[in-house]
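Next come the chains, spelled out residue by residue.
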Amino acid sequence: MSQAEPNRDNVPDPAILGRIRIVLVGAQHPGNIGAAARAMKVMGLSDLALVAPERYPDAEATARASGADDLLMAAAVHDTLDSAIADCALAIGTSARSRRTEWPLIDARNAALRAVEQATAGNDARVAIVFGRERSGLLNEELDRCQLHLQVPTNPDYSSLNLAAAVQVVAYELRVATGFGIAATTTPHEPVAAGDMEGLYQHLHEVLVASGFLDPQKPRILMRRLRRLFSRAAPDRIEMNILRGMLRSLDPRGETNRRRS
Ligand code: SAH
């Protein structure tokens, strides 16, 4: 599918995620490589690049990938970061620490929006999100290769996510930014018209008076409060039928005096 196609139906395009590469630089624990592959696959990402991994391939990586081993086996292995991102129009470095140097800092959500924007831009260029070593993160020289510096906002006293967990957070944001968020599902709500509401208030008034709850000589603002309550609820046809049915059945005047409405 061509990325230049406008998205007419607002249907998210999975090919966008296909153009976003996750780059793990110097990963030390094969388990993290496997878990990162799994984190990617559940979010629809598929392009994994490994720069000088300490141990790869490795049985522990395959075990932790748990079903994402296809993605793991397809990973490209590079000697340098430069080679892993050579075809990328945008590289976003990730770090738990804010360093003093002046890289433009961006949170995961906004970084994901930028990545998706670039991946939708219409050329075939890729986007890379670059992750660092478990012990020491990315070197400054590696962050220099990145145009943006992504930080997942975390507890300042304990800011470092596990590598695969960081990949998971970013992969999730990429998926949502691509348009795969689940809109809150609400059933269509069609409130009844004003005339029906007036019918309810009249019926309510009669039954409240008949029951003795409302003294017509001293009505105070009871009906106004009830109007406020029911207009906030904005009942639909079915709810209105229930309310009217309840009033009929609670009416102390008995069957013969009950309104026919
Ligand atoms: N001690 C290292 C921690 C590295 S954690 C450091 O301070 O940089 C391994 C990798 O996970 C990091 O290089 C980064 O790519 C990612 N990561 C961990 N926590 C993160 C956070 N809060 N925001 C962005 N990336 C994070």
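So, how was this worked out
- Residues numbered from 1 in each chain as written.
- Predicted model: local features only at pLDDT ≥ 70, side-chain atom pairs only at ≥ 80, totals over all residues.
- Heavy atoms only, no water.
- Helix = DSSP H or I, 4+ residues; strand = E, 2+ residues; numbered from the N terminus.
- Buried < 20%, exposed > 50% of the residue type's maximum accessible area, 1.4 Å probe, protein only.
- Polar contact = N/O pair within 3.5 Å; in protein donor to acceptor, adjacent residues only side chain to side chain.
- Patch = residues over 30% accessible without salt bridge, like charges linked within 9 Å, V, L, I, M, F, W, Y side chains within 5 Å.
- Areas by Shrake-Rupley, 256 points an atom, 1.4 Å probe, with all protein chains shown as cover.
- Salt bridge = Lys/Arg side-chain N within 4 Å of Asp/Glu carboxyl O.
- Core = buried A, V, L, I, M, F, W, Y, C linked by side-chain atoms within 4.5 Å.

**What about the side chain of arginine 21?**
By the element assignment, arginine 21 lies in strand 1 (residues 20–25). Residue classification places arginine 21 among the buried positions, given a relative accessible area of 10%. Within the structure, arginine 21 has its side chain in polar contact with the side chain of aspartate 47 (distance 2.9 Å). Only 2.7 Å separates the side chain of arginine 21 from the backbone oxygen of alanine 84, close enough to count as a polar contact.

**Regarding a nonpolar patch on the surface**
Residues Ile238, Ile242, Met246 and Leu250 make up a contiguous nonpolar surface patch of about 430 Å² in total accessible area. Along the chain, leucine 250 turns up in helix 11 (residues 237–250). Leucine 250 sits in the exposed class, given a relative accessible area of 58%.

**Side note on the nonpolar core**
A general trend in soluble globular proteins is that nonpolar side chains are found buried together. Ile20, Ile22, Leu24, Leu48, Ile129, Phe131 and Leu174 are the most contacted members of the largest nonpolar core, which totals 43 residues. Formed by 15 residues, the second largest nonpolar core is a distinct cluster that contains Val23, Ile85, Cys88 and Trp103.

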